[in-house]
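# A structural walkthrough
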Amino acid sequence: MSSQYDITETLDVKGQSCPMPVVKTKQAADELAEGEILEVVATDSGSMSDIDGWADGTSGVELLEQVEGDDVYKHYVQKTA
């Protein structure tokens, strides 16, 4: 599976474990303008459910897609407000 988004910023949280991928994703998303897309690259498998849960419970962001690769997890978050 390959994702083609107009990425505004890439956040590298490889090697970091819970809760840091979510904490840093929130911080980076707060800096985005409406419509911009953040790509988060993580190695923590828990980031799949953590970032999904964070996005579901956070207004103003939408989780567009999550892609699981070889020990790398990519998350695409769009600022919606």
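Residues numbered from 1 in each chain as written. Predicted model: local features only at pLDDT ≥ 70, side-chain atom pairs only at ≥ 80, totals over all residues. Heavy atoms only, no water.

You'll find the protein chain entered in an unreviewed UniProt entry as Sulfurtransferase TusA family protein, with Natranaeroarchaeum aerophilus given as the organism.

### Examining the environment of Val61
The criterion, for reference: The secondary structure listing takes helices from DSSP runs of H or I that are at least 4 residues long and strands from runs of E that are at least 2 residues long, numbered from the N terminus. Any two residues whose heavy atoms approach within 4.5 Å at even a single point are treated as in contact.
Looking at where Val61 falls in the secondary structure, it is placed in strand β3 (residues 61-68). Taking C-alpha positions, Val61 is 9.6 Å from Ile37, a pair spaced 24 residues apart along the chain. Discounting chain neighbours no more than four positions away, the residues touching Val61 are Ala29, Trp54, Ala55, Val77, Gln78 and Thr80.

### What to know about helix α1 (residues 20-30)
In plain terms, the rule: Here the term buried applies to any residue with accessible area under 20% of the maximum for its type, exposed to any over 50%, and partly exposed to those in between, with areas from a 1.4 Å probe on protein chains only. As used here, the arc belongs to the directions running from the helix axis to the C-beta atoms.
Turning to α1, its buried residues are Pro21, Val22, Thr25, Ala28 and Ala29. Mapping the buried residues of α1 onto a view down its axis gives an arc of 130°, with all of them on the same face. Next to the buried residues of α1 lie β1 (9-13), β2 (37-42), α2 (47-56), β3 and β4 (73-79).

### A short note on the UniProt feature "domain: UPF0033" (unreviewed entry) in the protein chain
Rules: UniProt positions are given in the numbering used here, feature names are shortened, and annotations may be inferred rather than shown by experiment.
Under the present numbering, the feature "domain: UPF0033" (unreviewed entry) in UniProt falls on residues 11-35. From the first C-alpha to the last, residues 11-35 spans 17 Å; its make-up is 44% helix and 12% strand.

### Here we look at the pairing of β2
Spelled out, the test is: In short, DSSP must find at least two bridges between two strands for them to pair. Orient the strands so they point away from the viewer; a crossover is then right-handed if the path from the first strand over the helix to the second runs clockwise.
The buried count for β2 comes to six of six residues, which makes it a mostly enclosed element. On β2, burial covers both faces: Ile37, Glu39 and Val41 on one face and Leu38, Val40 and Ala42 on the other are all buried. As paired elements, β1 and β2 share five bridges and run parallel to each other. Paired with Glu9 across the two strands is Leu38, which belongs to β2. Handedness of the β-α-β unit built from β1, α1 and β2 comes out right-handed. Bridging between β2 and β4 involves six bridges; their strand directions are antiparallel. Along β4, the bridge assignment pairs Glu39 with Tyr76.

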